[in-house]
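Coordinate inspection notes
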Amino acid sequence: MRVLLVGAGGVGTAITRIAARRPFFESMVVADYDRGRAESAVAAVDDARFTAERVDASDEAAVAGLLARHRCDVLLNATDPRFVMPLFRAARTAGAGYLDMAMSLSRQHAERPYEECGVRLGDEQFALAEDWEKAGALALVGMGVEPGLSDVFARYAADELFDEIEEIGVRDGANLTVDGYDFAPSFSIWTTIEECLNPPVVYEAGRGWFTTEPFSEPEVFDFPEGIGEVECVNVEHEEVLLVPRWVDARRVTFKYGLGSEFIDTLKTLHLLGLDRTEPVTVPGPDGPVAVSPRDVVAACLPDPATLGERMRGKTCAGTWVRGTRDGAPREVYLYHVVDNEWSMAEYGCQAVVWQTAVNPVVALELLATGAWSGAGVLGPEAFPARPFLDLLTEYGSPWGIREQ
């Protein structure tokens, strides 16, 4: 397998460090708009299979050309969701497979944003599914940790743990702190703003997908391995759009443990218009300059990938499932916990980016060996879960299950 990895930020760099320990691929081209960042990621692994390139992720022709020049079999997208569609189309143009960790962006309903869906996450990609299927090519979408591993857990629960499923609820929480910062998100603030301030989506059988107010339906969830109780709220996320396509459940939700301080900060950003992506004009030393307020916020905050040495605690991604087995009620939480101290010592990567990065590498290995195969635009639920979970454990990162 020959891979083009686009994006050499925190997650992209973690991908290179995880993949370097595995023999399943022939080469990995690491490409970024900042060539120096790509070169740093490659230099750190000291492996002849890796090479660095510069590419603009929004330039479909350039990306397709890079795929062709290096004879890549698959494009792994480690950029933020703004670049999903150009990279998705570039892979199809070049005849390569495609894998991402977040799907194409949503657009809220013009008149009823907190009741009805507008353009949903992934709609632009699924609209092209027939083209991929006819070509016999695979676009595996939403294959990070959430979405990704959380979806694998949903498929595993449906196949091996339940006869009928009443509800699937992805629950994400952590007890991470960052020394020296009052506010320092552990993941891309651009993506976090997008997820948390968009209307959350809920799925119910018979009703389909609908939206609610941001931060709705608060609940306290008890996370394992010492993390403890964290208040979680509804957030827009891909699992709610993916799981019902392949898994039969009466209700699907995603709730994120944000904390009141984080929620208040996001609300303030929204109130001030600093969550906007449309450029505004501001004075510059050489005249007016157009800048995106959200990009300014991101530039003012520390790069999450650089926070590992200051970070303390654990992060947990998991899927809570309620239903019946053999006629009796059952409720479980399937989860994956990463301790920042471990990920820093073992890989030099902070816990959140490492946890995100390990899952696409596992998926690539399953595709390379033929344990997973398919054509079209497919989510993780479309594949058998057991091979993934077994290989994840082989990578030295076991998962857990707790009867509720």
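See the structure shown above.
Because the structure is predicted, anything quoted here is derived from the model rather than measured. (Residues numbered from 1 in each chain as written. Predicted model: local features only at pLDDT ≥ 70, side-chain atom pairs only at ≥ 80, totals over all residues. Heavy atoms only, no water.)

Concerning the overall build of the protein chain
- Secondary structure summary: the protein chain contains 14 helices and 20 strands in total.
- Computed over C-alpha atoms, the radius of gyration of the protein chain comes to 20 Å, within 12% of the 22 Å expected from 2.2 N^0.38 for 404 residues, which places it in the range of a compact globule.
- Counting only C-alpha atoms and orienting by the principal axes, one finds that the protein chain spans roughly 60 × 50 × 45 Å.
- In the protein chain, buried positions account for 57% of the 404 residues.
- When the accessible surface of the protein chain is summed, it comes to about 16400 Å², and 47% of that surface belongs to carbon and sulfur atoms.
- Within the protein chain, one finds 35 positive and 64 negative side-chain charges whose respective centroids are separated by 3 Å. (Helix = DSSP H or I, 4+ residues; strand = E, 2+ residues; numbered from the N terminus. Rg over C-alpha atoms; globule rule 2.2 N^0.38 Å. Buried < 20%, exposed > 50% of the residue type's maximum accessible area, 1.4 Å probe, protein only. Areas by Shrake-Rupley, 256 points an atom, 1.4 Å probe, with all protein chains shown as cover. Lys, Arg positive; Asp, Glu negative; His and termini not counted. Charge placed at Lys NZ, Arg CZ, Asp CG, Glu CD.)

Thoughts on a nonpolar patch on the surface
- On the surface, a nonpolar cluster with roughly 320 Å² of combined accessible area is contributed by Leu 271, Leu 272 and Leu 274.
- The residue Leu 271 is located in helix α10 (residues 260–271) in this model. (Patch = residues over 30% accessible without salt bridge, like charges linked within 9 Å, V, L, I, M, F, W, Y side chains within 5 Å. Salt bridge = Lys/Arg side-chain N within 4 Å of Asp/Glu carboxyl O.)

Details of the pattern of salt bridges
- Inspection of every chain in the model, using the stated rule, returns 32 salt bridges.
- Notably, a salt bridge pairs Arg 49 with Asp 47, separated by 2.9 Å at the nearest N-O pair.
- The salt bridge involving Arg 250 is made with Glu 166; its shortest N-O contact spans 3.0 Å. Placement of Arg 250 in the loop between α9 (238–246) and β13 (251–256) and of Glu 166 in strand β7 (residues 164–174) is noted, with a sequence separation of 84 residues between them.
- You can call Arg 250 partly exposed: its relative accessible area is 39%.
- Judged by its relative accessible area of 30%, Glu 166 is partly exposed.
- Among the charged side chains, a network of salt bridges with common partners joins Glu 167, Arg 171, Glu 204, Glu 217, Glu 219, Arg 251, Lys 255 and Arg 322.

A few points about the packing of aromatic side chains
- Evaluation of the coordinates by the stated rule reveals 19 aromatic pairs.
- For the pair Trp 372 and Phe 383, a centre-to-centre distance of 4.6 Å together with 20 degrees between the ring planes defines the contact as stacked. With a gap of 11 residues between them, Trp 372 in the loop between α13 (351–369) and β19 (376–378) and Phe 383 in the loop between β19 and α14 (385–394) connect regions that are remote in the sequence.
- Relative accessible area serves as the criterion here: at 2%, Phe 383 is assigned to the buried category. (Phe/Tyr/Trp six-rings, centres within 6.5 Å; stacked < 30°, edge-to-face > 60°.)

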